[in-house]
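Structural overview
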Amino acid sequence: MLRDDINNAVKEAMKARDERKLSTLRMVNSTIKNADIEARGQGKPPLSDGDLLGLLQKMIKQRQESVELYEKGGREELAAQERAEILVISGYLPKQMSDDDVKAAVAAMIAETGASGIKDMGKVIGALKAKYAGQMDFGKASGVVKAALTAG
């Protein structure tokens, strides 16, 4: 489904002559194809929508890091270009969860998995990724999980 949405958006961007959106979506498609080829090489099926959401989040994170570097280097035009790409890519992610929602999801997942200490952190993060792919920043979520498991 997500692949179809992106391919349809490529066609729409071509018709609208929206160069920024078109180049960003082509880059997304290229990244997806490369990931599919890599998965096939490992004997795995093409990426699922959940895997694609993780891939899109990774692309956004890379661009956010680039924005910071460009701003430090005084290259505002390049930072603006990266921000525009972030907007296009994030349009294909589900609505991001609020901090409170993330905390509630973490608490529920800890209870659901029976996690009792820091050694269970991987199990909780894995369960969160399976259930909330694309809806939360797992870098931030892991901090919440760690705090919850060490406090408990």
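Everything discussed here concerns the structure shown above.
What this report covers is the structure whose coordinates are included nearby. (Residues numbered from 1 in each chain as written. Predicted model: local features only at pLDDT ≥ 70, side-chain atom pairs only at ≥ 80, totals over all residues. Heavy atoms only, no water.)

Viewed as axis vectors pointing N to C, helix 2 (residues 19-41) and helix 3 (residues 49-72) meet at an angle of 125 degrees, and their least axial separation amounts to 11 Å. One finds that helix 2 runs oblique with respect to helix 3. In the crossing of helix 2 with helix 3, the sense of the turn from one axis to the other is right-handed. Across the interface between the two elements, Met27, Val28, Thr31, Ile32 and Ala35 of helix 2 pack against Leu52, Leu55, Leu56, Met59 and Arg63 of helix 3. Its residues assigned to classes, the contact of helix 2 with helix 3 comprises eight nonpolar, one polar and one charged. (Axes fitted to C-alpha atoms, helices over the stretch in contact; angles between N-to-C directions. Helix = DSSP H or I, 4+ residues; strand = E, 2+ residues; numbered from the N terminus. Parallel < 35°, antiparallel > 145°, perpendicular 65-115°, else oblique. Left-handed = near helix turned anticlockwise from the far one by under 90°. Contact = heavy atoms within 4.5 Å. Nonpolar A, V, L, I, M, F, W, Y, C, P; charged D, E, K, R; others polar.)

One finds Leu2, Ile6, Leu25, Val28, Leu56 and Tyr92 to be the most contacted residues of the largest nonpolar core, which totals 25 residues. Looking at this core, the elements that each hand over two or more residues are helix 1 (2-16), helix 2, helix 3 and helix 4 (76-90). Top element by residues in this core is helix 3. It accounts for seven residues. The residues touching Tyr92, leaving out its near neighbours within four places in the chain, are Leu2, Asp5, Ile6, Ala9, Lys21, Leu25, Leu53 and Leu56. Formed by 17 residues, the second largest nonpolar core is a distinct cluster that contains Met97, Val102, Met109 and Leu149. (Core = buried A, V, L, I, M, F, W, Y, C linked by side-chain atoms within 4.5 Å. Buried < 20%, exposed > 50% of the residue type's maximum accessible area, 1.4 Å probe, protein only.)

Opposite charge on two side chains makes pairing possible when the charged atoms of those side chains draw close. Scanning all chains against the criterion turns up seven salt bridges. Its salt-bridge partner being Asp36, residue Arg3 comes within 2.6 Å of it at the nearest N-O pair. Of this pair, Arg3 sits in helix 1 while Asp36 is found in helix 2, placing the two residues 33 residues apart along the sequence. In this structure Arg3 comes out as partly exposed when scored by relative accessible area, which is 24%. Across the pair Glu77 and Arg75 runs a salt bridge, and its minimum N-O distance is 2.9 Å. (Salt bridge = Lys/Arg side-chain N within 4 Å of Asp/Glu carboxyl O.)

What follows covers the packing of helix 5 (residues 99-113) against helix 7 (residues 138-151). Across the interface, helix 5 lies against helix 7 with an axial gap of 10 Å and an inter-helix angle of 50 degrees. Taken together, helix 5 and helix 7 sit at an angle that is classed as oblique. Seen from above, helix 5 lies across helix 7 with right-handed handedness. The residues of helix 7 that touch helix 5, namely those facing Val102, Lys103, Val106 and Ile110, are Ala141, Val144, Val145, Ala148 and Leu149. Here the residues of the contact of helix 5 with helix 7 sort into eight nonpolar, no polar and one charged.

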